[in-house]
Amino acid sequence: MSTKLATANQPMISISNVSKFFGDFRALDDVSLTVDRGEVLMIVGPSGSGKSTLLRCINHLEVPDAGEIIIDGKHVKPQERELNAIRAEVGMVFQRFELFPHLTVLENICLAQQKVRKSSRSESEKVARGLLEKVGIPEQANKYPPKLSGGQQQRVAIARSLAMQPKVILFDEPTSALDPEMINEVLDVMLTLAREGMTMVVVSHEMGFARKAAHQVVFMDGGTIVEQGTPEQVFGAPQHERTKLFLSRILH
Amino acid sequence: MAADLPPSTSLQPPTNKRFNWRTFPWWLVAIGLIIAYMGFRIISDPAYTNIFEAILTGLGTTLMVTGISFICALILGLLLGLGRVSRNVLLRNISIGYIEFIRGVPILVLIFTISFAVVPALSKGMGLDPSKISLIARAIIALVLIYAAYIAEIFRAGIESISRGQMEAARSLGLTHAQAMRYVILPQAFRNVLPALGNDLIAILKDSSLVSVLGVREITQVSRLSVSSSFKYEETYFILTAFYLTMTLVLSLLLQWLQRKMSSNVH
């Protein structure tokens, strides 16, 4: 089979002609996009532009009404078993962290390793402690998430998705629920991941992160991709009026 | 947005130990005094002592019926509650139908219907002799079938109180729907519904008095039997009232203590 040879060139995520409706509201309108291996893609746009919906379609937290999504050569379909296997390899970081408040930080990071990957307790804890070291909060391992600051919680959430050794991580506005002084500690962790070659799709308006780490920026509005290119192109020399208007509002 | 709050604090009472007559539980003192007065009468008055001892013979039955019914209703109620929120149309409709059926009929009527119509019909259907099923077993079956419906609604509310993001986070880690329920949603839901479950335990204790209509010799039935020969209405029913009051008060204080302990321990 030639598929093995092809994987190196094949994109990590391929989104083709995806549409999504909420009732009569067209949240996504025939969106196509590819993300290469090791690429950091930023999605920006006003609220209601469909950027979060697109992100959530990638791992089928929202099931698209039309179009197809292929992750690492595997077609994402709503069938439970295949979907669970794909989701285990696609990390997701949420705006509101969504740590499990009844489990300690360590247990949060171990749960899916043990139940999905069937790792042993000691093996998964070793991985979890290593990841907490990596995100800079090894001393918080035995605390419960509500005891942590927002920035610490989001770093735990990143460690939790890293524990599954994902091929891609999806970030849904990872810093917008944080106090300003905690944003950088989270962005620093994300920068490290980007430098290590993690494939990332990030919905965020953090321009600093975009300039430092993003390979590609997509501007969405009204459920469609209005403009895409490198950060320099999209932020520096936007071609469309809607992009210019939006950037003028967020860059002050 | 006030999203990035400092770590949430546990709901511990303020450590102000000073006496405050406004917040002092005077009602508890009043009820305590009533119970103490009844205790005094029971010790000092032989008529009261005799009736007390008669009623005491039914206490074991009351506690057993309450305990077994509550534990079984908890299990059946959890299953019904899960069915109630299930995505499976058949399961969901069976659960909702059952819950609405039970909640639409008075408990006393259901006790008669289940004990004298449903249980005999079912046991015949299974090839058993209905007369071999004791009244106390029928009473327990009735209370379980009734309270499971009420407890199912508690579990449903508990499951629905957990934000959608928790399920999404669990699913996006690759957990199956069942695993997400088992390890993420239910443990949190269970903690949230503990006070409501405590209330239902107290409610079952009180409603166990209704099975006296079946002739089960729990404290209410024993009191009625005692009165029918002694005609000491006042003494008997005051003591019976004190029995229930003491038990519900102790349970309610115990549950409050347990809840305070849980909320201060875990987070």
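What you see is a predicted model, and the numbers here were worked out from it, not measured in a lab.

Moving on, we come to the overall build of chain A. Within chain A, the secondary structure is distributed over 10 helices and 10 strands. Expected size for 252 residues packed as a compact globule is a radius of gyration near 18 Å; at 18 Å, chain A falls within 12% of this value. Each principal axis of the C-alpha atoms in chain A carries an extent, and together these give about 55 × 50 × 40 Å. Counting across all 252 residues of chain A, residues that qualify as buried make up 55%. At a minimum sequence separation of 6, the contacts of chain A that also span at least 24 residues come to 66%.

Check the secondary structure of chain B and you find 10 helices and 0 strands. N-terminal to C-terminal, the α/β element order of chain B is α-α-α-α-α-α-α-α-α-α. The buried share of chain B, reckoned over its 267 residues, is 41%. Residue pairs at least 24 apart in sequence account for 74% of intrachain contacts in chain B once pairs closer than 6 positions are excluded. Taken as a whole, chain B presents about 14,700 Å² of accessible surface, with 68% of it coming from carbon and sulfur. For chain B, the distance from the average site of its 22 positive side-chain charges to the average site of its 13 negative ones is 6 Å.

Scanning the entire structure with this criterion turns up 21 salt bridges over all chains. With a closest N to O distance of 2.7 Å, Arg 56 of chain A and Glu 168 of chain B form a salt bridge. Placement of Arg 56 of chain A in helix α2 (residues 51-58) and of Glu 168 of chain B in helix α7 (residues 164-172) is noted, with the two residues assigned to different chains. The exposure class assigned to Arg 56 of chain A is buried, which follows from its relative accessible area of 11%. Where Glu 153 of chain B meets Arg 103 of chain B, a salt bridge forms, and the shortest distance between an N and an O atom there is 3.8 Å. Remark: Arg 103 of chain B occurs in helix α4 (residues 89-103) and Glu 153 of chain B occurs in helix α6 (residues 135-160); sequence separation between them is 50 residues. Judged by relative accessible area, which is 37%, Arg 103 of chain B ranks as partly exposed. Each member of the salt-bridge network shares a partner with another, and the members are Arg 84, Glu 100, Arg 103, Glu 153, Arg 156 and Glu 160 of chain B.

Moving on, we get to the interface of chain B and chain A. The accessible area lost on association of the parts is a frequent measure of interface size. Residue-level contacts link 27 residues of chain B with 37 residues of chain A. Here chain B and chain A share an interface that buries about 2,700 Å² over both sides, 54% of which is from carbon and sulfur atoms. With a closest N to O distance of 3.0 Å, Glu 80 of chain A and Arg 171 of chain B form a salt bridge. Inspection of the chain B/chain A interface yields 7 residue pairs in polar contact (both at pLDDT 80 or more). If you list the elements that add at least two residues to the side of chain B that touches chain A, you get α7 and α8 (177-207) of chain B. The element contributing the most residues to the side of chain B that touches chain A is α7 of chain B, with 8 residues. Along the lines of polarity and charge, the residues of the side of chain B that touches chain A split into 11 nonpolar, 10 polar and 6 charged.

A few words on helix α2 (residues 46-56) of chain B. One full turn of an α-helix is made of 3.6 residues, so residues set three or four places apart face in the same direction. All names here are of chain B. Turning to α2, its buried residues are Tyr 48, Ile 51 and Ile 55. For α2, the angular spread of buried residues about the axis comes to 70 degrees, placing them on one side. In this structure, α2 carries Pro 46 and Asn 50 as exposed residues pointing more than 90 degrees from its buried face. N-cap assignment for α2: the residue whose side-chain oxygen lies 3.0 Å from the backbone N of Ala 47 is Asp 45.

Take the pairing of strand β4 (residues 66-71) of chain A next. Residues and elements named next belong to chain A. Summarising the sheet, strand β1 (residues 13-22) and β4 pair through 5 bridges and their orientation is antiparallel. Across the sheet, the residue bridging to Ile 15 is Ile 69, located in β4. Bridge count for β4 against strand β5 (residues 74-75) is 2 bridges, and the pairing is antiparallel. Bridge pairing in β5 places Ile 70 opposite His 75. With antiparallel pairing between neighbouring strands as the criterion, β4 and β5 make up a hairpin whose turn holds 2 residues, including Asp 72 at a positive phi of roughly 50 degrees.

Parameters at a glance
Residues numbered from 1 in each chain as written. Chains lettered and ligands numbered in written order. Predicted model: local features only at pLDDT ≥ 70, side-chain atom pairs only at ≥ 80, totals over all residues. Heavy atoms only, no water. Helix = DSSP H or I, 4+ residues; strand = E, 2+ residues; numbered from the N terminus. Rg over C-alpha atoms; globule rule 2.2 N^0.38 Å. Buried < 20%, exposed > 50% of the residue type's maximum accessible area, 1.4 Å probe, protein only. Contact = heavy atoms within 4.5 Å. Areas by Shrake-Rupley, 256 points an atom, 1.4 Å probe, with all protein chains shown as cover. Lys, Arg positive; Asp, Glu negative; His and termini not counted. Charge placed at Lys NZ, Arg CZ, Asp CG, Glu CD. Salt bridge = Lys/Arg side-chain N within 4 Å of Asp/Glu carboxyl O. Buried area = accessible area lost by both parts, 1.4 Å probe. Polar contact = N/O pair within 3.5 Å; in protein donor to acceptor, adjacent residues only side chain to side chain. Nonpolar A, V, L, I, M, F, W, Y, C, P; charged D, E, K, R; others polar. Arc of directions from axis to C-beta. Pairing = 2+ DSSP bridges.

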